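Overview (structure and organization)
Read off the chains here:
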Amino acid sequence: MPSPTDAAQATSVTALDLSCDVVALTAAVCDIESVSQDEAALADAIEAALRPLTHLTVERDGNTVVARTSLGRAERIVLAGHIDTVPLTAAPNLPTTQVDGLLWGRGTVDMKGGVAVMLRIAAQVTEPTRDLTFLFYECEEIDARFNGLARLAEHRPELLHGDFAVLLEPTDGAVEGGCKGTLRVDVVTKGIASHSARPWKGHNAIHDAAVVLARLAAYEAATVPVDGLDYHEALQAVGIAGGIAGNVIPDRCTVTVNYRYAPDKDTEQALAHVREVFDGFEVTLGDAADGARPGLHLPAAQAFIEALGVPVNPKEGWTDVARFSALGIPAVNYGPGDPNLAHMDDESCPVEQYTAAEAALLRWLA
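Cut-offs applied
Residues numbered from 1 in each chain as written. Predicted model: local features only at pLDDT ≥ 70, side-chain atom pairs only at ≥ 80, totals over all residues. Heavy atoms only, no water. Salt bridge = Lys/Arg side-chain N within 4 Å of Asp/Glu carboxyl O. Helix = DSSP H or I, 4+ residues; strand = E, 2+ residues; numbered from the N terminus. Buried < 20%, exposed > 50% of the residue type's maximum accessible area, 1.4 Å probe, protein only. Pairing = 2+ DSSP bridges. Axes fitted to C-alpha atoms, helices over the stretch in contact; angles between N-to-C directions. Contact = heavy atoms within 4.5 Å. Polar contact = N/O pair within 3.5 Å; in protein donor to acceptor, adjacent residues only side chain to side chain.

Some remarks on the pattern of salt bridges
With the rule as written, the count across this model stands at 21 salt bridges. Glu75 is the partner of Arg130 in a salt bridge, and the nearest nitrogen-oxygen pair spans 2.9 Å. In this pair, Arg130 is assigned in the loop between α4 (112-124) and β6 (131-137) and Glu75 in the loop between β2 (64-68) and β3 (76-82), connecting sequence segments 55 residues apart. On the basis of relative accessible area, Glu75 is assigned to the partly exposed category, the value being 21%. As a salt-bridge pair, Arg120 and Glu358 come within 2.9 Å of each other at their nearest N and O atoms. Residue Arg120 is found in helix α4, and its partner Glu358 is found in helix α10 (residues 351-365); the two are separated by 238 residues along the sequence. For the pair Arg120 and Glu358, one class covers both residues: buried. One network of salt bridges, with partners in common, ties together Asp44, Glu47, Arg51 and Arg60.

Considering the sheet that holds β3
In space, the eight strands of this open sheet follow the order β1-β2-β6-β3-β7-β18-β8-β17, with mixed pairing throughout. Two strands in the sheet have a free side with no partner beyond their single neighbour: β1 (57-61) and β17 (312-314). Averaged over all pairs of adjacent strands, the angle between strand axes in this sheet comes to 25°, irrespective of strand direction. Bridge count between strand β8 (residues 175-177) and β17: three bridges; the pairing is parallel. Within the sheet, the bridge partner assigned to Val175 lies in β17 and is Val312. Here helix α8 (residues 299-308) sits on the sheet and contacts β3, β7 (164-167), β8, β17 and β18 (331-334); the angle it forms with β7, its principal contact strand, is near 40°.

Here we look at the side chain of Thr26
Mapping Thr26 onto the fold places it in helix α2 (residues 22-30). Residue Thr26 is classed as buried on the basis of its relative accessible area of 0%. A distance of 2.8 Å separates a polar side-chain atom of Thr26 from the backbone oxygen of Val22. Here Thr26 is in contact with Leu103, Lys112, Gly113, Ala116 and Tyr354, once residues within four sequence places are set aside.

Considerations on the environment of Pro52
Mapping Pro52 onto the fold places it in the loop between α3 (40-50) and β1. Classification of Pro52 by relative accessible area gives exposed; the value is 56%.

So, the pairing of strand β9 (residues 181-190)
Among the ten residues in β9, seven count as buried, and that is most of the element. Sheet topology note: the β9/strand β16 (residues 282-289) ladder contains seven bridges and is antiparallel. When the sheet's bridge partners are listed, Val187 is paired in β16 with Val283.

Here it is, written out as structure tokens:
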């Protein structure tokens, strides 16, 4: 028999009605606040809404909810979306409001519209053409060590198994294939400290940084075709630090450089390229994350693109599709909302993008 505490917790869960239209469902999901590391209420609501669906097996890991069909289909498709948001600002934009065809509020873009679309598909598609896995995961907006998808990849990789994955991050209604990798390095110049009144006694490391910056200015970034999409690489200085005191010639200067590289290469290859560009200087790797190939040549990807009939572009940034790629699962980004409005006080999305995304996935999976 449930304890009084259990009963109280059960009755306190906010109900999500998966039979309502996707716009109303998006508003309901957004109105359950779920700032990173405080997603329990929304995870509870999602779990409670999915448990009664007999065609799904539902598992909970922390505040990450996984629902799966097991129909023995030839392919398995993974639909994934994070349930956390960045915090509200001094100008709070919740609860949501709908005005002139736009839904306004935190999460309407990043990315509770995608979450609502997933919930609608989970409820409606009881006999999908492919087996489905729905991943509603926590802590995407903060340090990767808290990421629910990363935790599953490490401890429960079998729950992420699939032949193709769609991350419902906002893409303004287009398909964005894969994603670029990223790494950050420190390029160090070394000199000899001396009094600034007698610079000839030393060697100015900051002046030597001009050589590093000149190489960056002259660098011609490549455009690399991968699986039919053109990824535009970028090598840019993102920071510079040096100096000891106002009367000292500095003996060290550090230029921090970010390299965004196409998903045809891994971190080792990307780092080797950066070291070649800055040959003669000390280059130290800070952090790195490989990109993801879109796998657009695969049957599941081709069927997805054909069913949607929307533009297909490369993902020029980095997203969690890379976590699927690391597991050997090709992935794309597709979801409602203009990513340029993510995290903004005026975060909003045309409601037609929610309905279009739902209809597109129904065409593909039903």
